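Now for the letters of each chain:
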Amino acid sequence: MAFSVSYSPVFLEHRPENYHPENPDRLLRAVNALKKASLWKPVEPVPVPEEELLRVHSKDYVELVKERSRTFSYLDPDTYVSPGTWEASLLAFGASRLAVKLALERKGLHLALVRPPGHHAGRAGRAFNASTLGFCIFNNAAYAAKVAEELAERVLVIDFDAHHGNGTQEILWDDEVVHIDLHERDIYPWSGYEHEVGGKPGTKINLPMPHYSGDDDYIYAWNEVVLPVLAQFRPKLVVISAGFDGFLGENLTTLRLSELFFAYAGSTLSRYPLAVIFEGGYSIGLDRGLPAFIKGYLSGEIREVPVRPSYETLRTVARVKEIQSEWWEF
């Protein structure tokens, strides 16, 4: 099965002056994990022209980032820009575009291993209730979805980062693109609730998972909501906003996911071409979750996993199905 990693050392040039969790080392850690798992097949992306940013962001916001990244500064308490940010951002869009094109041409899984991350970045910066940009600059996944939509029409986005992809939801709110988002409930960015169904209702599907959710909870939600929607929508391409910060030991949230969920999720997607856009993940999730997802996809072996979800998960999934049943069959 076709597989590639769109990557460039330029992504390391978006860098903080002092300690920050979103730093170049996390990308090097991901590269090392892929090499160790014999999953290192790099392809070189090219940057997009600046005007491509305007497909998903406002001119004022683009100009702000361009100006501020001439030196090191903070856009907000969470999110920095540095002299390497602008070039890295244009190249991250280029890598996302390349992942989409390769997935459509060759099928298989094509990973855009990019920085800075993007799924919290809305059209003009902060999106919905978010207090900050949450480490993100420009929305790589939303851009990938727009490129894919132009080339393939039916496009579906799945975001399994531990935090809601509020920027992606905002940018695609009135779009035909179906966006399914599994994330921990009631944490940053304080959005992504069941009732948020999109400007074209039914195109936005949120699964705000209970605190301390683990593999059983996520696999249950995946089987009950994600797979039925995939089967009915039959996308020509799936864009994955791939965050691994829900892995047990990442310590940014209370989620307790392991290789089991990521491998299972990957395996169930093996019949679809995937453009996988890298988002969160800072430590053990990169070492173990990222390779597990890719290996699960490439194996294509869907094994039935018996699960015992929590009562809170059963209630959450039931609520989602009740709301979405107007547009989807479960």
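Conventions adopted
Residues numbered from 1 in each chain as written. Predicted model: local features only at pLDDT ≥ 70, side-chain atom pairs only at ≥ 80, totals over all residues. Heavy atoms only, no water. Pairing = 2+ DSSP bridges. Helix = DSSP H or I, 4+ residues; strand = E, 2+ residues; numbered from the N terminus. Phe/Tyr/Trp six-rings, centres within 6.5 Å; stacked < 30°, edge-to-face > 60°. Buried < 20%, exposed > 50% of the residue type's maximum accessible area, 1.4 Å probe, protein only. Axes fitted to C-alpha atoms, helices over the stretch in contact; angles between N-to-C directions. Parallel < 35°, antiparallel > 145°, perpendicular 65-115°, else oblique. Left-handed = near helix turned anticlockwise from the far one by under 90°. Contact = heavy atoms within 4.5 Å. Nonpolar A, V, L, I, M, F, W, Y, C, P; charged D, E, K, R; others polar. Expected span 1.5 Å × (residues − 1). Polar contact = N/O pair within 3.5 Å; in protein donor to acceptor, adjacent residues only side chain to side chain.

Draft legend 1. Quick look at the sheet that holds strand S5 (residues 109-112). Judged by pairing direction, the sheet is parallel, and its 8 strands sit side by side in the order S2-S1-S5-S10-S9-S6-S7-S8 without closing on themselves. The open sheet terminates on both sides in strands that have one partner only, identified here as strand S2 (42-43) and strand S8 (204-209). Summarising the sheet, strand S1 (residues 3-6) and S2 pair through 2 bridges and their orientation is parallel. The residue of S2 that forms the bridge with Ser-6 is Val-43.

Draft legend 2. Broad picture of the packing of aromatic side chains. In this structure the tally under the stated criterion is 22 aromatic pairs. When the centroid spacing of 5.8 Å and the interplanar angle of 25° are considered together, the rings of Phe-72 and Tyr-80 count as stacked. The exposure class of Tyr-80 is buried, given its relative accessible area of 2%. The rings of Phe-160, Tyr-218, Trp-222, Phe-244, Phe-247, Phe-261, Phe-262 and Phe-293 are connected pair by pair, giving a single aromatic cluster.

Draft legend 3. Here's a closer look at the environment of Ile-137. Secondary-structure assignment places Ile-137 in the loop between S5 and helix H4 (140-152). Since its relative accessible area comes to 0%, Ile-137 is described here as buried.

Draft legend 4. Spotlight on the side chain of Thr-203. In this structure, Thr-203 sits in the loop between strand S7 (178-184) and S8. In this structure Thr-203 comes out as buried when scored by relative accessible area, which is 8%.

Draft legend 5. Up close: the packing of helix H6 (residues 215-233) against helix H7 (residues 259-268). Contact geometry of H6 with H7 gives a least axis separation of 9 Å together with a crossing angle of 20°. Overall, the two elements H6 and H7 adopt an arrangement that is roughly parallel. Taken as a pair, H6 and H7 cross one another with a handedness that is right-handed. On the side of H6, the interface is formed by Asp-215, Tyr-218, Ile-219, Trp-222, Asn-223 and Leu-227, while H7 contributes Leu-260, Phe-261, Tyr-264, Ala-265 and Thr-268. Grouping the amino acids of the contact of H6 with H7 by side-chain chemistry returns 8 nonpolar, 2 polar and 1 charged.

Draft legend 6. Layout of the pairing of strand S10 (residues 274-278). Most of S10 sits out of view: 5 of its 5 residues are buried. Here S10 shows a buried face lined by Leu-274, Val-276 and Phe-278 and a second buried face lined by Ala-275 and Ile-277. Where S5 meets S10, 4 bridges bridge the pair, whose relative direction is parallel. Considered in S10, the bridge of His-110 is made with Ala-275. Examined bridge by bridge, strand S9 (residues 237-242) and S10 share 5 bridges and lie parallel to one another. Note on S10: the bridge partner recorded for Val-238 is Leu-274.

Draft legend 7. Fine view of H4. In this model, H4 (13 residues) spans 18 Å end to end at C-alpha, consistent with the 18 Å of a helix rising 1.5 Å per residue. Counting buried residues along H4, 10 of its 13 residues qualify, which places the element largely inside the surrounding structure. Where H4 is concerned, the buried positions are Asn-140, Ala-141, Ala-142, Tyr-143, Ala-144, Ala-145, Lys-146, Val-147, Ala-148 and Ala-152. Where H4 is buried, its residues meet helix H3 (85-106), strand S6 (155-159), helix H5 (166-171), S9 and S10. One side-chain oxygen at the N-terminal end of H4 lies 3.4 Å from the backbone nitrogen of Ala-141; it belongs to Asn-139. Glu-153 lies just past H4 and shows a positive phi near 65°.

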